[in-house]
Amino acid sequence: MATIDDTRGTLVIRVVYDGPALSGKTTSLGALARGVKSTLECPEESEGRTLFFDWVEYVGGLFEGRQIRCQIVSVPGQIELAHRRNILLEAADAIVVVLDTRRHEWEFGLKWLAGVVPFTRSKSPPVGLVLQANKRDAEDAIPKDEIRDALAKIAPIPIVESSATAGDGIREAFVLAVRVALDRVRALAALGELASGPPEEGPFALLARMRAAESDRERAREPLVARVVEADLGVEIDPWNLEPSGPVSGGTPGDERPFVPDPMMPGGMIWPPVDGRALLHDVASLDIRASRTSRSDWVGAGSGFRFHSVGAAIYTDPHAARSELIEWARLHSANIHHISAGRAVILADAGGGRLRLWQLVRTDAALREPLSVALALADSAAVARDLVTVATELIAAREAFRSASVALPCTLWSIGQGGRSHRPTFVGLMPSPAKRPPPEPDGLELIQRELSPHLRELRRTRVDYHEVVHHLRALATHRGGETPAHWLSDVVATT
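Residues numbered from 1 in each chain as written. Predicted model: local features only at pLDDT ≥ 70, side-chain atom pairs only at ≥ 80, totals over all residues. Heavy atoms only, no water.

**Here's the deal with the overall build of the protein chain**
Line of reasoning, step 1. Looking only at helices and strands, the protein chain features 13 helices and 17 strands.
Line of reasoning, step 2. Looking at the 495 residues of the protein chain, the share that counts as buried comes to 53%.
Line of reasoning, step 3. In the protein chain, 72% of the contacts between residues at least 6 apart in sequence involve partners at least 24 apart.
Line of reasoning, step 4. Accessible surface, the protein chain: about 22,000 Å² in total, of which carbon and sulfur atoms supply 52%. (Helix = DSSP H or I, 4+ residues; strand = E, 2+ residues; numbered from the N terminus. Buried < 20%, exposed > 50% of the residue type's maximum accessible area, 1.4 Å probe, protein only. Contact = heavy atoms within 4.5 Å. Areas by Shrake-Rupley, 256 points an atom, 1.4 Å probe, with all protein chains shown as cover.)

**Comments concerning the layout of surface pockets**
Line of reasoning, step 1. When its volume is computed, the second largest pocket comes out at roughly 570 Å³.
Line of reasoning, step 2. Those elements that place two or more of their residues in the lining of the second largest pocket are strand 14 (305-309), helix 8 (318-334) and strand 17 (354-362).
Line of reasoning, step 3. Ranked by the residues each element gives to the lining of the second largest pocket, the list is headed by strand 17, at three residues.
Line of reasoning, step 4. The residue inventory of the lining of the second largest pocket, partitioned by class, reads 16 nonpolar, four polar and five charged. (1 Å grid on protein atoms, 1.4 Å probe; cavity = no way out; pocket = protein on both sides within 12 Å on 5 of 7 lines; lining within 4 Å. Points joined across faces, edges and corners; volume = space filled by probe spheres on them. Nonpolar A, V, L, I, M, F, W, Y, C, P; charged D, E, K, R; others polar.)

**A look at the environment of His 104**
Line of reasoning, step 1. Residue position: His 104 is located in helix 3 (residues 103-121).
Line of reasoning, step 2. According to the relative accessible area criterion, His 104 is exposed, its value standing at 53%.

**Notes on the packing of helix 9 (residues 368-375) against helix 11 (residues 443-461)**
Line of reasoning, step 1. For the pair helix 9 and helix 11, interaxial distance at closest approach is 12 Å and the crossing angle is 20°. Viewed along their axes, helix 9 and helix 11 adopt a mutual orientation that is roughly parallel. As helix 9 runs across helix 11, the sense of the crossing is right-handed. Two secondary-structure elements touch here, helix 9 through Arg 368, Leu 371 and Leu 375 and helix 11 through Leu 451, His 454 and Leu 458.
Line of reasoning, step 2. Looking at the contact of helix 9 with helix 11 residue by residue, the classes come out as four nonpolar, one polar and one charged. (Axes fitted to C-alpha atoms, helices over the stretch in contact; angles between N-to-C directions. Parallel < 35°, antiparallel > 145°, perpendicular 65-115°, else oblique. Left-handed = near helix turned anticlockwise from the far one by under 90°.)

**So, the pattern of salt bridges**
Pairing between side chains becomes possible if they bear opposite charge and their charged atoms approach one another.
Line of reasoning, step 1. Tallying each qualifying case throughout the model produces 27 salt bridges.
Line of reasoning, step 2. The salt bridge partner of Glu 90 is Lys 123, with a shortest N-O separation of 2.7 Å. Of this pair, Glu 90 sits in helix 2 (residues 82-90) while Lys 123 sits in the loop between helix 3 and strand 8 (128-134), and the two are 33 residues apart along the sequence.
Line of reasoning, step 3. For Glu 90, a relative accessible area of 41% puts it in the partly exposed group.
Line of reasoning, step 4. Between Glu 440 and Arg 449 there is a salt bridge, and its shortest N-O distance comes to 3.2 Å.
Line of reasoning, step 5. The class of Arg 449 is partly exposed, set by a relative accessible area of 35%.
Line of reasoning, step 6. Within the structure, one salt-bridge network assembled from shared partners comprises Arg 398, Glu 440, Arg 449 and Glu 450. (Salt bridge = Lys/Arg side-chain N within 4 Å of Asp/Glu carboxyl O.)

Below you can see the structure in the form of C-alpha cells.
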C-alpha cells in the first residue's frame, strides 16, 4: 500500500487496526482521532458495529524530506465479514492487533493473533505487528508477564497496554506502528518495489472498491488471516538489505553514551527491521544496563535477554557503520537455519557523532542446563543416559554447523536444548565475520573438551561414580561403533 505521491510530494502509508469484534478497535480510532485533531469516519455501521471499516487520516512527520500521510483504518471483527477484513489487511503497511485482555477473552484473542502472523510473514518484506493489549483497566485483566510468555511462543511482537475508553496507550501504539510501517517502506525502497503514483483517495473511494469486490465470490472466501485456529509458530522471515539514513550525533568525544534500548530509534539502524524493533520494545521496559568489562567490551543481561558489543565496534563514519551492520545482517541471514530466533543487530548512538554496533539476543536454554540437572539425579543409570544425550547433541550440532558460513562454536553454553524443529540450534552470540578462530574439535576431542571438567566433578562428589561409569560403558557396548556413547566412555576412562 505504501505509495510515493509525487503530485503532492508525500508518502502515503496505511496502518490497519485488526482484532476480534468488540475488542476496542473503533473506540481506539475515536480516541486517536481526538488526539491528532482529526475526524473518525464510519462509512457504514449497524448498531455501533463496523460493517466495512472506520477511517482516520493524519498528516505529520517526514520521511526522507516527504511529508507522511497516514491512512488509518479498522477492520470489521465479525467472522462473517472476513472477506472485507482480508481486503483491508492486504493493503496494510503495519497492523495494530487490538485484543481484549480480560481473562475470559484472552484465549480467543491469542488464537486470533496467531492466525494473523503467518499472513504478515507471507508478505515480502513482512508486515510488522503491534499488539495493543486493551482493557487493561479491567479487574480481571491478565498480567503482562503472561502476555509476554504467550507472545514468545508466536513471534517477536511489541506490546502496548491500553484502555481505549480512557484514551490510555492509544497514541503510543499508533506511533510505534508508524515506525514499523516506515521500516517496511525502507525495505521496499531497497528492493526497488516502493510504489509511486496517485494513492487511494479517502474512505469513500475505499468503500466503492470494497462494494465492487462484494460481487466476486472468490473474494468472499475465508482468507488465511481469518482462520482463528492455532497457527504454525515457527514461521521464519526473509531478511533484506538496509537503506542508510542520516548520521547520528550527540554527546562528547571523551565519554561514550550508555546504550539504552529505544524502540523508536531511527529506521535503517536495526536488523531485522520489524522483529528487531519488536525486541527493542520488549527490552526497553526491563531496565537492563550495560557495563564495561576488563577487555573493554560492553555487556548487559537480565529478564531473558542479553546484549553485547565488542570494544572495537564503534564508528565515527556513519557509512562505515552501516556497511558493518549490513555485513552482520548478511551473516545472520546466511545462517538463519542454524541460529536461534529472537535476535537483532543494532547501531546505537554512542555520543560524539559515533555509532556502536550491538547484538541483542533473547536468552534460550542451553545444554549446560539439562547437564546440571542430570548430574544431580539420584539414579546412576539416569545420569549415564542423560550424559550420553548431551554428548549426542554436541556431536549433532558440530555436524550440522559444518554448513554454516561462519565457525559457530559448539559448547555447552552455545548449543540449545532443541525445540519443535528437533535440529541443533546455536543460542550464543554470533561470532564476528572478521575473525578466523581455530577449527572446532570434533568427535572424541569435542566431548573431551566440553565434558571432562564435569566428569571430574562427578567423580569427586558422587559415591556411586563407578556405577555411573558402568552404565556408560554398557550404553557404549549396546550402541556399538564410533558413537557419542563410545567416545564418552573413552573420556571417562582417561578422566
